[in-house]
Every structure is written in structure tokens, then in C-alpha cells.
Amino acid sequence: MTTTVTDSVLRELAAYRSPSGCALSIYLDLDPSSTPTIPAADTRFSATMTTAEKKIRDDGCRALRDDLGRIRAWWRDEFVRDGARGVAVFSSSADHLFRALPLAESAGDAVHLGSRFLVTPLAAQLGDDGSLVAFVSRERGTLYRVEAGRLVEVLDTSEEQPGRHDQGGWSQANYQRHIEHLVLQHLKAVGVELDRIVRRSGGPPIVVIASEETRAELERELSHEVRAAIVGWTTAEAHASPADLLRLARPFFVEERARAENDALERWREAHGRGERSAAGWKQVLDAVSDGRVELLLFATGENRPVWECPECGRLSADGGKCPLDGMQLEERDEGLDLAIHQTLAHGGAICAVTERADLEPVGGVGAILRF
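Computed from a predicted structure; not experimentally measured.

**Considering helix H6 (residues 212-219)**
Here is step 1: Considered for burial, the residues of H6 that qualify are Thr214, Glu217 and Leu218. The buried side chains of H6 occupy one side of the element, clustering within an arc of 95 degrees when seen end-on.

**Structural notes on the sheet that holds strand E3 (residues 97-103)**
Here is step 1: Across the sheet, which stays open at both edges, the 4 strands sit in the order E3-E2-E1-E4 with antiparallel pairing between neighbours. The open sheet has two free edges, formed respectively by E3 and strand E4 (110-114), since each of these has just one partner strand. Taking each pair of neighbouring strands and ignoring which way they run, the sheet shows an average axis angle of 10 degrees.
Here is step 2: By the bridge criterion, 6 bridges tie strand E1 (residues 23-29) to strand E2 (residues 86-92) in an arrangement that is antiparallel. The partner of Leu24 across the bridge, within E2, is Ser91.

**Structural notes on the packing of aromatic side chains**
Here is step 1: Under the criterion given, the structure shown has 8 aromatic pairs.
Here is step 2: Between the aromatic rings of Tyr27 and Phe90, the centroid separation amounts to 5.9 Å while the plane-to-plane angle is 90 degrees, which identifies the pairing as edge-to-face. With Tyr27 in strand E1 and Phe90 in strand E2, this pair connects stretches of sequence that are 63 residues apart.
Here is step 3: Between Phe90 and Phe117, the aromatic rings sit 5.3 Å apart at their centres with planes inclined by 65 degrees, giving edge-to-face as the arrangement. Note that Phe90 is positioned in strand E2 and Phe117 in the loop between E4 and helix H4 (120-123), a separation of 27 residues in sequence.
Here is step 4: A relative accessible area of 0% places Phe90 in the buried class.
Here is step 5: Pairwise contacts between aromatic rings join Phe45, Trp74, Trp75, Phe79 and Phe98 into one cluster.

**Topic: the packing of helix H9 (residues 281-290) against helix H10 (residues 336-346)**
In a packed pair of helices, the relevant descriptors are the angle between the two axes and the axis-to-axis distance.
Here is step 1: Where H9 contacts H10, the two axes come as close as 9 Å, and the packing angle between them is 35 degrees. Seen along the crossing, H9 lies across H10 with a hand that is left-handed. Contacts between H9 and H10 pair Trp282, Leu286, Val289 and Ser290 from the former with Gly336, Leu337, Ala340, Gln343 and Thr344 from the latter.
Here is step 2: Its residues placed into classes, the contact of H9 with H10 shows 5 nonpolar, 4 polar and no charged.

**Considerations on the packing of helix H2 (residues 38-59) against helix H3 (residues 63-77)**
Here is step 1: Running from amino to carboxyl end, H2 crosses H3 at an angle of 175 degrees, the nearest separation of the two axes being 10 Å. Between H2 and H3, the angle falls in the class roughly antiparallel. Contacts between H2 and H3 pair Ala41, Asp42, Phe45, Met49, Ala52, Glu53 and Ile56 from the former with Leu64, Arg65, Leu68, Ile71, Arg72 and Trp75 from the latter.
Here is step 2: Of the residues in the contact of H2 with H3, the class split is 9 nonpolar, no polar and 4 charged.

Analysis parameters
Residues numbered from 1 in each chain as written. Predicted model: local features only at pLDDT ≥ 70, side-chain atom pairs only at ≥ 80, totals over all residues. Heavy atoms only, no water. Buried < 20%, exposed > 50% of the residue type's maximum accessible area, 1.4 Å probe, protein only. Helix = DSSP H or I, 4+ residues; strand = E, 2+ residues; numbered from the N terminus. Arc of directions from axis to C-beta. Pairing = 2+ DSSP bridges. Axes fitted to C-alpha atoms, helices over the stretch in contact; angles between N-to-C directions. Phe/Tyr/Trp six-rings, centres within 6.5 Å; stacked < 30°, edge-to-face > 60°. Left-handed = near helix turned anticlockwise from the far one by under 90°. Contact = heavy atoms within 4.5 Å. Nonpolar A, V, L, I, M, F, W, Y, C, P; charged D, E, K, R; others polar. Parallel < 35°, antiparallel > 145°, perpendicular 65-115°, else oblique.

Here is the structure:
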């Protein structure tokens, strides 16, 4: 089933571990600059699948051949590009698991086999996905979710209000009060639905598009949780399309991401400067993620290095040797950042991809705020 990149989806994928070691991750670049046409996309897909076939032959995991068949069938019968600039597919037929994700930005081409799915390319793609845009007027109440760089309608509470021709024998004053009552009931319903969706979704950022008059009326009907999730208000023409609405909302989401990133870096800098509940560099960070102490993992986008992992308990280390817990010989792994992200999410921590590399470059591109 095709879905999009959200925190919950990322955690679900990171939590999976194949008992047989047969988990397949495929990333496909669909950016128009490199893959402008349907034939070009088909050619790129075929080349990536050829790479996957070779890896599977070398690996010897027969179960993965069924995954290749499932992926080919999905590409042929189910995939719709619809503006996606990349796609990620995760499959493990041994556990009947299949997940296809359209990506708002390309993550390049990659094929990965192992006991875990490769999730690092998704970490920097959380972006706007899952954010909400509410288009509200005295009659309209439409809620959209950002998915793979576009708006998808998730709720419509629009109600047509009576016009002057419906007045009948009412006095003007009574009729106007009736209209205002209907508008108030409509805005109350919008507020209730927004509150329900925000609570269920964990408080994603919201941009509300409404006139100044409607904003004043609507704000009185919003719960504290909804007001706290709103990152911007703006206006639009009544006939604005979802693409128009997203263009208006996107600057607010960009500003919110930058603010959250700066806040996280500032927290880490302060904690690190005081020598309190922080880790800097690969050795400290890997020790902390293995102990389940990481509250927030910060990493520069594009960062990676080989690390060592205990095949018995999964503990990570920046150095080789033996595991300090069970004495097993540590095994080298290429995807060090991916393993650190897996460990962080598995222990309930959060992650933050940092676009400004200069902040983390002196410590090897990784840092962490710790719980203890």
C-alpha cells in the first residue's frame, strides 16, 4: 500500500528486523532532471532491479526473489508518479511486509539487503509530510495533509449557508442572527474536527488559510492543542487550488523546520558546553545510542562512516574489538549512521537531520542530547 514519509512510518520501518536477514530496501531517483519521462523511469527501474537481482544472487537469500516479483508487479500495476521525485520500497516476503513510499525529493538510487531496512535516506525527507493545511471560510472547512510534496484532502466540513432568496417572511435582523448562528455552528464543527485530527496525529504543524474576519471567529473555537500546532495564518482567493494553497503554506513550514533545527542545535550546544547530558562525536554517540540514553540524535545530512556491531546484542562501537557486555567479536558495518538511527528510534528517541553542517563538523557530523 502506497503511503508517505511520516515519523510513525519511519519508526515502524526502523523497528523491523528480519529473523532470516532477508529485508530488501530499494530507492529510485525520479527527479525530472535525471528521469524526465515514463520510458526513462522504466529504464532506471529496470537497471535498479538488475542490481537487486545480482545482490540477491550473491547473498543467497531465496526468499528475496519473491520480493522482486512483488516489486515488479507494484511498479507495473499500482505505481502512480503524480509528482513524486523519488520512491522507496521496503519488502520482506518472509514476514508478508511491503511498503512503498513516494518521496518529495530524490534520495538517489540504492539497493540494500540485510536484516534491517535502510532508513537514513528517509530521515532527511520527513520535511513537510504529515503537516496540515486548513482552508476555512464562513462556508468552507477543508483540511489537507501534505504527502510527497502535494496536498491530499483528508476532511471537508464545508456547509452552504442560505442566501438572501431564502429569507422568506423573516425580518432582516432575525434572518441575520440566523445566518450568524449557522456560521458559528459551522466554525465550531471545523474546530472540533481539527482538534480530533491534531490529537490523533500527534500535533503536526498547521497552516490556516482564512480571511481576517473568519480568523477572528475561528480562533475562539479552537482548542489549546490546535492553537499550539498552528505555525502560520494567511489568506487566499476562494477558488484557490490545492497547489496554490501549498505554495502559500510552504514558507511557514520551511520557517518552522528551520526554527526546530536551530532550537535543537542550541539545546545541544548549551548542554555540550556545560558538559551535561550530551554526546559529541561517533564514540560518545554510539555508546549513548547503545545504552538507550539518546533523547535526540543530531546528524549532518550526508554523514556516514563504518562502525562495529555486536552480532549478539547489537551494541555499536566506533572501534573494533570485543563487545564489553558479552565478549563477542564485533563485526564491521558500512552504514554507521543508519544503525545509530535504528537504535535511537528503537529506544524511543527522536532524530534531527541538520542542514547546516558547520555546527556538527568539528565533532564528526554527529551529536546527541541525552536523557541521562
